[in-house]
Amino acid sequence: MRTNDDIVQYLIDLGMPFEQLDEGVWRLNNEHDHVDNIVVVHTPPITFFRVKLMEVPKGKRAELFEHLLRLNAGDMLAGAYGIEDEQVVIIDTLQSENLDFNEFQASIEQLSLAIAQHYPVLKGYHELEAT
């Protein structure tokens, strides 16, 4: 079973700035991919990755939700979009029992790639609301 010390070592090995928010909770700042709020939570036997992407717009909600479901079904290799407290979030979970650095890194890279590819379209739902 991986420990919090193992997760800290993985974060160090990634070479991204991070801060510990609480026991077993860290926030990464991936300046290279402009993703500065990846939260990693280690609660054995799960390691959980989460990013708050944006507020859910007041209008065009059904269209946004359908779009997120389509992304989950088609474009997401790992992780999924969801709604939490009126925020669009993207999450991924990994079993921490046999978690290795490559899996850890791949999860963070997949989230960063999904955000880079999808956010320009998703933020358009706010722009549609303003018109």
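See above for the structure.
A few points on the structure. (Residues numbered from 1 in each chain as written. Predicted model: local features only at pLDDT ≥ 70, side-chain atom pairs only at ≥ 80, totals over all residues. Heavy atoms only, no water.)

Our focus in this paragraph is the packing of helix H1 (residues 4-14) against helix H3 (residues 101-122). It is at 10 Å that the axes of H1 and H3 come closest, and there the two elements cross at 60°. Crossing hand, H1 versus H3: right-handed. Contacts between H1 and H3 involve Ile-7, Tyr-10, Leu-11, Asp-13 and Leu-14 on the former and, on the latter, Phe-101, Phe-104, Gln-105 and Ile-108. Residues of the contact of H1 with H3, tallied by class, amount to 7 nonpolar, 1 polar and 1 charged. (Axes fitted to C-alpha atoms, helices over the stretch in contact; angles between N-to-C directions. Helix = DSSP H or I, 4+ residues; strand = E, 2+ residues; numbered from the N terminus. Left-handed = near helix turned anticlockwise from the far one by under 90°. Contact = heavy atoms within 4.5 Å. Nonpolar A, V, L, I, M, F, W, Y, C, P; charged D, E, K, R; others polar.)

Turning our attention to the pattern of salt bridges. Inspection of every chain in the model, using the stated rule, returns 4 salt bridges. Ionic pairing is found between Arg-61 and Glu-86, a salt bridge with its closest N-O pair at 2.9 Å. Placement of Arg-61 in helix H2 (residues 61-74) and of Glu-86 in the loop between strand E5 (80-84) and strand E6 (87-95) is noted, with a sequence separation of 25 residues between them. Exposure remark for Arg-61: the relative accessible area of 27% places this residue in the partly exposed category. (Salt bridge = Lys/Arg side-chain N within 4 Å of Asp/Glu carboxyl O. Buried < 20%, exposed > 50% of the residue type's maximum accessible area, 1.4 Å probe, protein only.)

Here E5 runs beside E6; their pairing, made up of 5 bridges, is antiparallel. Across the sheet, residue Ile-83 finds its bridge partner in E6, namely Val-88. (Pairing = 2+ DSSP bridges.)

The next point concerns the environment of Asn-98. Tracing the chain through its elements places Asn-98 in the loop between E6 and H3. Overall, the relative accessible area of 60% leaves Asn-98 in the exposed class. Along the chain, Asn-98 and Arg-2 lie 96 residues apart, while their C-alpha atoms are 7.0 Å from each other. Residues in contact with Asn-98, not counting those within four places in the same chain, are Arg-2 and Glu-103.

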